[in-house]
Amino acid sequence: MASAITTLAADAPTLSAANTGFMLICSALVMLMTPGLAFFYGGMVRVKSSLNMLMMSFISLGIVTILWVLYGFSLAFGTDVGSIIGWSSDYVGLSGIGITELWDGYTIPVYVFAVFQLMFAVITPALISGALADRVKFSAWALFTALWVTVVYFPVAHWVWGAGGWLFELGVIDFAGGTAVHINAGAAALGVILVIGKRVGFKKDPMRPHSLPLVMLGAGLLWFGWFGFNAGSWLGNDDGVGAVMFVNTQVATAAAMLAWLGYEKLRHGSFTTLGAASGAVAGLVAITPSGGSCSPLGAIAIGAIAGVVCAMAVGLKYKFGFDDSLDVVGVHLVGGVIGSLLVGFFATGGVQSDAAGLFYGGGLEQLGKQAIGVFSVLAYSLVVSAILAFLLDKTIGMRVTEDDEVSGIDQVEHAETAYDFSGAGGGASSRSTATPVPVAAASKKVDA
């Protein structure tokens, strides 16, 4: 008996300084993705809405962080309750966790796992915000964020990643968030915009990005941070799976960007910077669920498919008449669905698990599991998000007034403007000879 106990003790995981340090760096990288998303979205809107767009991402860092500590981590990763939700009193307030207590089966502390998963919880509602640009009250958005993560994100995270969660037990593969993050956010965005309606001037007025350099900066920060998002999701560096995911993240993103640009050139005659940024994000989204199960060649195929299909999907809002301001549905929902389902084709059975896809002799079994995961999360998030938006709209109101939307949501909601042009211009001589510009004309130029 004594020798058996000694053997078990020797086999038990011990804290790894290397894995702990790696995961803290990955957590910081994922945190950086939310400001990166803010720049990405902020550059895509008109000048008069850019600060509001930045704030809709930044506020998530505040709200979700506090809720995660108070009860979110417990709901998502506590002891399973009926395969639907988790709960552990020790996780409430993160008050019952020892500083060297390890996450079950791993070599990193519970605190490190909790903060890594926190950053996923933070960025997911921020992703939704891009669909709602120009027209949502900031206070309503903040309340929606708090309610949404509580009744949608925390339960879905448990389904997908929590021990005992029903999709986890079913065998759905979601390496880093195709269902829990991207499909979840994309379906929520669709649910909300179907309730709150279109922007004033949708399909009539030009609504071009006001700063493509900001868009490219944001895309670059997202790409950079996504290595932590994806490679870090294996929670360590002991067996090489995280390294495969790192490589596949780069490969799929590159393939998606090139595929989007190729489609754009054939369809519209130009290679655009917005297309390059959007294509890269589409590839990042698609490889997130699938990159831990496929080879680099499979990652190229997944990225290329996502680049073309997402480029096609962004035009659906004009065909069906829903105003997805910054293409959250076309990129995140569609990209998440593609990446999650393609696991059922490209999983090699030799990376994160022995589950093989159709192209590697695994038949249709894994594809069926992936489809259940995809459409259950999509339906739940779509319906519950629409209900939340409806209730908020009928109580405190979700939208600013039409006049406030036209004049600019930044000034109305935040009493600020993104750019101060009052100091622009030359010296005294140039001011004395310059032709005055009417205020109305100047404001039109700024708002274009």
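What counts as what
- Residues numbered from 1 in each chain as written.
- Predicted model: local features only at pLDDT ≥ 70, side-chain atom pairs only at ≥ 80, totals over all residues.
- Heavy atoms only, no water.
- Helix = DSSP H or I, 4+ residues; strand = E, 2+ residues; numbered from the N terminus.
- Rg over C-alpha atoms; globule rule 2.2 N^0.38 Å.
- Buried < 20%, exposed > 50% of the residue type's maximum accessible area, 1.4 Å probe, protein only.
- Contact = heavy atoms within 4.5 Å.
- Lys, Arg positive; Asp, Glu negative; His and termini not counted.
- Charge placed at Lys NZ, Arg CZ, Asp CG, Glu CD.
- Axes fitted to C-alpha atoms, helices over the stretch in contact; angles between N-to-C directions.
- Left-handed = near helix turned anticlockwise from the far one by under 90°.
- Salt bridge = Lys/Arg side-chain N within 4 Å of Asp/Glu carboxyl O.
- Phe/Tyr/Trp six-rings, centres within 6.5 Å; stacked < 30°, edge-to-face > 60°.
- Patch = residues over 30% accessible without salt bridge, like charges linked within 9 Å, V, L, I, M, F, W, Y side chains within 5 Å.
- Areas by Shrake-Rupley, 256 points an atom, 1.4 Å probe, with all protein chains shown as cover.
- Bend = angle between axes of the 7 residues up to and from the residue.
- Core = buried A, V, L, I, M, F, W, Y, C linked by side-chain atoms within 4.5 Å.
- pLDDT = per-residue confidence, 0-100.
- Parallel < 35°, antiparallel > 145°, perpendicular 65-115°, else oblique.
- Nonpolar A, V, L, I, M, F, W, Y, C, P; charged D, E, K, R; others polar.
- Disulfide = S-S within 2.5 Å.

Caption draft 1: Looking closely at the overall build of the protein chain. Scanning the protein chain from N- to C-terminus turns up 18 helices and two strands. Radius of gyration (C-alpha) of the protein chain: 23 Å, near the 22 Å computed for a compact globule of 448 residues. If one aligns the C-alpha atoms of the protein chain with their principal axes, the spans along those axes are about 95 × 50 × 45 Å. Here the protein chain holds 448 residues, and the buried ones make up 53% of them. Partitioning the contacts of the protein chain with sequence separation of at least 6, the portion at a separation of at least 24 is 76%. Here the protein chain holds 19 positive side-chain charges and 27 negative ones, and the gap between their average locations is 19 Å.

Caption draft 2: Structural view of the packing of helix α7 (residues 178-196) against helix α13 (residues 328-346). Between α7 and α13, the least distance of the axes is 8 Å, while the angle of their chain directions is 145°. Between α7 and α13 lies a crossing whose hand is left-handed. Each of Gly178, Thr179, His182, Ile183, Ala185, Gly186, Ala187, Ala189 and Leu190 in α7 lies in contact with α13, whose residues at this interface are Val328, Val329, His332, Leu333, Gly336, Val337 and Ser340.

Caption draft 3: Representation of the pattern of salt bridges in the model. Within this structure, the stated rule accounts for seven salt bridges. Here Asp323 ties to Arg199 by a salt bridge, and the two come within 2.8 Å at their closest N and O atoms. Of the two residues, Asp323 sits in the loop between α12 (316-320) and α13 while Arg199 sits in the loop between α7 and α8 (212-231), which places them 124 residues apart along the sequence. The same class applies to Asp323 and to Arg199, which are both buried. The network of salt bridges with common partners includes Arg46, Asp134, Arg135, Arg199 and Asp323.

Caption draft 4: Representation of the packing of aromatic side chains. In the structure shown here, the tally under the stated rule is 26 aromatic pairs. Centroid distance Phe77 to Phe113: 4.9 Å. Interplanar angle 85°. Geometry classified as edge-to-face. Highlighted residues: Phe77 in helix α3 (residues 50-77) and Phe113 in helix α4 (residues 110-129), separated in sequence by 36 residues. On the accessibility criterion, Phe77 (7% relative accessible area) is buried. Taken together, the ring pairs in this structure connect Trp68, Tyr71, Phe73, Phe77, Tyr91, Trp103, Phe113, Tyr153 and Phe154 into an aromatic cluster.

Caption draft 5: Quick peek at a nonpolar patch on the surface. Nonpolar side chains collect at one region of the surface, where Ile305, Val308, Val309 and Met312 lie side by side and expose about 280 Å² of accessible area between them. Looking at where Ile305 falls in the secondary structure, it is placed in helix α11 (residues 296-313). We classify Ile305 as partly exposed; its relative accessible area is 33%.

Caption draft 6: Examining helix α5 (residues 138-161) more closely. The sharpest bend along α5 reaches about 45° and sits at Val149. Across the 24 residues that make up α5, a large majority, 19, are buried.

Caption draft 7: Summary view of the nonpolar core. The biggest cluster of nonpolar side chains holds 119 residues, and the ones touching the most others in it are Phe40, Phe73, Leu132 and Tyr153. With 15 residues, the single largest contributor to this core is α5. Apart from the residues lying within four places of it in its own chain, the contact partners of Phe40 are Leu214, Val215, Gly218, Ala219, Leu222, Ala277 and Val281.

Caption draft 8: Structural detail: the confidence of the model for the protein chain. Per-residue pLDDT for the protein chain has a mean of 92; in total, 92% of the residues score no lower than 70. Low pLDDT, under 50, characterises residues 1-9; the stretch is placed with zero contacts to residues that sit more than four places away or in other chains. Within the model, the stretch residues 426-448 combines pLDDT values under 50 with eight contacts to residues more than four positions away or in other chains.

Caption draft 9: Quick look at the packing of helix α9 (residues 241-268) against helix α10 (residues 273-290). Following both chains from N to C, one finds α9 and α10 inclined at 140°, their axes separated by 7 Å at the closest point. With respect to each other, α9 and α10 are oriented oblique. Along this stretch, α9 crosses α10, giving a crossing that reads as right-handed. Contact with α9, carried on its side by Met245, Asn248, Thr249, Ala252, Thr253, Ala256, Met257, Trp260, Leu261 and Glu264, involves Gly275, Ala276, Ser278, Gly279, Ala280, Ala282, Gly283, Leu284, Ile287 and Thr288 of α10 and no other residues of that element. Across the contact of α9 with α10, the residue classes break down as 11 nonpolar, eight polar and one charged.

Caption draft 10: Representation of the side chain of Ser233 in the model. Locating Ser233 in the fold gives a position in the loop between α8 and α9. Aside from chain neighbours lying at most four places away, what touches Ser233 is Phe116, Phe120, Phe175, Ala176 and Gly228.

Caption draft 11: Here's a closer look at the environment of Gly240. Along the chain, the position of Gly240 falls in the loop between α8 and α9. Judged by relative accessible area, which is 33%, Gly240 ranks as partly exposed. Gly240 sits 98 residues away from Ala142 along the chain, and the two C-alpha atoms are 40 Å apart.

Caption draft 12: Structural detail: the side chain of Ser129. Inspection of the secondary structure puts Ser129 in helix α4. Each residue touching Ser129, except ones within four places of it in the same chain, is listed here: Tyr41, Met53, Met56, Ser57 and Trp141.

Caption draft 13: Highlighting the environment of Phe227. Tracing the backbone shows Phe227 in helix α8. Separated by 61 residues in the primary sequence, Phe227 and Thr288 have C-alpha atoms spaced 10.0 Å apart. Discounting residues that sit within four places of it in the chain, Phe227 has contacts with Gly232, Phe246, Thr249 and Gln250.

Caption draft 14: Inspection of the state of the cysteines at higher detail. One pass over the full model with this rule turns up zero disulfides. Here Cys26 stays unpaired: no disulfide links it, and the sulfur of Cys294, its closest cysteine neighbor, is 18 Å away.

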